[in-house]
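If you want the building blocks of each chain, they are given just below.
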Amino acid sequence: MDPADALALLLSPQGRVNPYPTYERLRGYGPVVQAGPAFHLVTGYAEADAILRDARFGVMDDDLRDQFLPGWRESPAVASISRSMLRTNPPDHSRMRRLAAGAFTPRRIAAMRDVVEAQADELVDGMVARARAGEPVDFMAEFAYPLPVAVICALLGVPAADRPLFRRWATDLTGVLEPEISPDELALADRGATELRDYFTDLVAARRRAPADDLTTALVQAHDGDGDRLSGDELLANLVVLLVAGFETTTNLLGNGLVVLLDHPAEAATLRERREFAPGYVEELLRYDSPVQLTSRMSTAPTRYGGVDLPAGSWLIVLLGAANRDPGRYPEPGRFDPRRPAVHPLSFGAGPHYCLGAGLARLEAQVAFPLLLRRLPGLALAGPGERRVRLTLRGYATLPVTVGDEASPITDRGTPAGATGSTP
């Protein structure tokens, strides 16, 4: 199988559901693999990390979109994502990111721990109530989605009653992040983008009438106070991306991570008893089965990585999931080992586009996993679950679990020692 065939397999439904065997085939060709004219795949950890930090690489700009995606301006989904910090280069990217960064400082995230713990406890209570008579419950619907969406909605100032709206909208919209998208999938993405923009248009109008202590108000005031800081299109695009990115990645981390823990009962038992080990567990979970599997970059100048010359204008797919399992960086990469030293997964990227909400996602997972295992000692998978046929955002559509009949009440809600980042 040559690199082009491996790429075709990776983009097939089978490859998207389980990309790891294909990553290993690609890795046999080297850490940077040419898969087409001026088109390369990056599987090596060192190369991926360096490329994401290298100022000679950027995301696709409007001129390149005009070349590769003619008519993209007519797509609400592509246009919306393209106007956000997710798909812009400096100086526009730096300007937009700086406006939102204040909501995600380490101090503000640490201050949210009590809120996250209370919300997680409430969701576990709901799982227990819905699991009467031993019936399975869908972990994704009952916990993995509502926990992060509640947190990001609180930051943005979205009313709690509106939270259920966003799951379908976001699922539809994020199809546009895939390396390939069919016309039907694009139509769904456009529908999701339109509904999200309409929602935030109304929320922006509400915040202009009645400002609040939330991120939406801060971004509205940045736009209204000085239009050079944030345009109207940028305001709406970034609100959409902050909402979607604020829970999609964490939802996938919670679903993927729970499956790994339940498949490794000895490690789950350790975390149940020693919740101060949660930071180390979460880093290994992020490495082992990344909720984000890839990102892309374009080179603006000739470079060389992995022994391969990359002319200016080269398009690279950086396979984060493959880099996280690079045996040159992590021995026995296919083994889940929360005792693994010096784990620094690329699941949230690196460099200027490093995920703004990475700290918040880590906090939610560090709270959620020990709490679930402690309060639901009988928690078990009730089936294999349904994987979404997605490559960029890897996660479950449904994940049936049984909670057992040993669910414990809330007995302690102290801050775990996990803030130190210790590992077993």
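Please refer to the structure placed before this passage.
Anyway, here's the lowdown on the structure attached to this text.

Thresholds applied
- Sequence order as written defines the numbering, with residues in each chain counted from 1.
- Confidence filtering applies because this is a predicted model: local features only for residues at pLDDT of at least 70, side-chain atom pairs given and counted only at 80 or more, and all residues used for totals across whole chains, interfaces and linings.
- Only heavy atoms go into the side-chain values, all of them from the structure, while hydrogens and water stay out.
- Note on conventions: DSSP H or I runs of at least 4 residues are helices, E runs of at least 2 residues are strands, and numbering of each starts at the N terminus.
- Here the radius of gyration uses the C-alpha set of atoms, whereas the globule reference equals 2.2 Å times the residue count to the power 0.38.
- Working definition: with a 1.4 Å probe on protein chains only, accessible area under 20% of the residue-type maximum means buried, over 50% means exposed, and in between means partly exposed.
- Throughout, the Shrake-Rupley method with a 1.4 Å probe supplies accessible areas, and for residues the shown protein chains are the sole cover considered.
- Under the convention used here, Asp and Glu are negative, Lys and Arg are positive, and both His and the chain ends fall outside the count.
- Charge positions are represented by NZ for Lys, CZ for Arg, CG for Asp and CD for Glu.
- Contacts are assigned to residue pairs that have any heavy atoms within 4.5 Å of one another.
- Pairing of aromatic side chains requires ring centres within 6.5 Å, counting the rings of Phe and Tyr and the six-membered ring of Trp. Pairs whose planes differ by under 30 degrees are stacked, by over 60 edge-to-face, and all others tilted.
- Put simply, a charge is over a ring when the Lys NZ or the Arg CZ is close to the ring centre, within 6 Å, and near the line of the ring normal, within 35 degrees.
- At least two bridges found by DSSP between two strands is the condition for calling them paired.
- Think of a polar contact as two N or O atoms within 3.5 Å of one another; within protein, one of them needs to be a possible hydrogen donor and the other a possible acceptor, and neighboring residues in sequence only count if both atoms come from side chains.
- Salt bridges are defined by distance alone: a side-chain nitrogen of Lys or Arg within 4 Å of a carboxyl oxygen of Asp or Glu.

1. Notes on the overall build of the chain
Link 1 in the chain: Looking only at helices and strands, the chain features 19 helices and 12 strands.
Link 2 in the chain: Whereas a compact globule of 424 residues would reach a radius of gyration of roughly 22 Å, the chain reaches 21 Å, a difference of no more than 12%.
Link 3 in the chain: Each principal axis of the C-alpha distribution contributes one length, and for the chain these read about 60 × 60 × 40 Å.
Link 4 in the chain: Within the chain, buried positions represent 55% of all 424 residues.
Link 5 in the chain: Working note: accessible area of the chain is about 17300 Å², and carbon and sulfur atoms make up 55% of it.
Link 6 in the chain: Of note, the chain has its 45 positive side-chain charges centred 3 Å away from the centre of its 54 negative side-chain charges.

2. A word on the side chain of Arg16
Link 1 in the chain: Summarising the element assignment, Arg16 is placed in helix H2 (residues 13-17).
Link 2 in the chain: Not counting chain neighbours up to four residues away, the residues in contact with Arg16 comprise Leu10, Leu11, Glu178, Glu180, Val389, Arg390, Leu391 and Arg394.

3. Description of the packing of aromatic side chains
Link 1 in the chain: Under the definition given, this model contains 12 aromatic pairs.
Link 2 in the chain: Here the aromatic rings of Phe166 and Trp169 are separated by 5.6 Å at their centres, their planes lie at 75°, and the arrangement is edge-to-face. Of this pair, Phe166 and Trp169 both sit in helix H12 (residues 166-173), separated by three residues, roughly a single helical turn. The two residues Phe166 and Trp169 agree in class, both being buried.
Link 3 in the chain: Three or more aromatic residues link up through ring pairs in this structure, and these residues are Phe166, Trp169, Tyr199 and Phe200.
Link 4 in the chain: Its end group placed over the ring of Tyr45, Arg329 keeps NZ or CZ at 5.0 Å from the ring centre.

4. Digging into the pairing of strand S8 (residues 315-319)
Link 1 in the chain: In terms of burial, S8 is a largely internal element, four of the five residues being buried.
Link 2 in the chain: In this sheet, S8 lies alongside strand S2 (residues 39-42) in parallel orientation, the contact comprising four bridges. Across the sheet, residue His40 finds its bridge partner in S8, namely Leu316.
Link 3 in the chain: Looking at chain direction, strand S5 (residues 294-299) and S8 are connected through five bridges and run antiparallel. By the bridge assignment, Arg297 is partnered in S8 with Leu316.

5. Section: the side chain of Arg27
Link 1 in the chain: Within the secondary structure, Arg27 sits in helix H3 (residues 20-27).
Link 2 in the chain: In this structure the side chain of Arg27 is engaged in a polar contact, spanning 3.2 Å, whose partner is the backbone oxygen of Thr43.
Link 3 in the chain: Setting aside its immediate chain neighbours within four residues, Arg27 contacts Thr43, Ala322, Arg325, Asp326 and Pro327.

6. Looking at the environment of Phe143
Link 1 in the chain: Looking at the element boundaries, Phe143 is found in helix H10 (residues 139-144).
Link 2 in the chain: The spatial distance from the C-alpha of Phe143 to the C-alpha of Gln119 is 9.7 Å, given a sequence separation of 24 residues.

7. Details of the pattern of salt bridges
Link 1 in the chain: Evaluated as defined, the whole model comprises 29 salt bridges.
Link 2 in the chain: For Glu195, the salt bridge goes to Arg168, with nearest N and O atoms at 3.3 Å. Of this pair, Glu195 sits in helix H13 (residues 183-209) while Arg168 sits in helix H12; the two residues are 27 residues apart in sequence, bridging distant segments of the chain.
Link 3 in the chain: Here Glu267 makes a salt bridge to Arg339, at a shortest N to O gap of 2.8 Å. Pair noted here: Glu267 is in helix H16 (residues 265-273) and Arg339 is in the loop between helix H18 (320-323) and helix H19 (358-375), with a separation of 72 residues, a long-range link.
Link 4 in the chain: According to the relative accessible area criterion, Glu267 is buried, its value standing at 14%.
Link 5 in the chain: One network of salt bridges, in which partners are shared, links Arg168, Asp172, Arg191 and Glu195.

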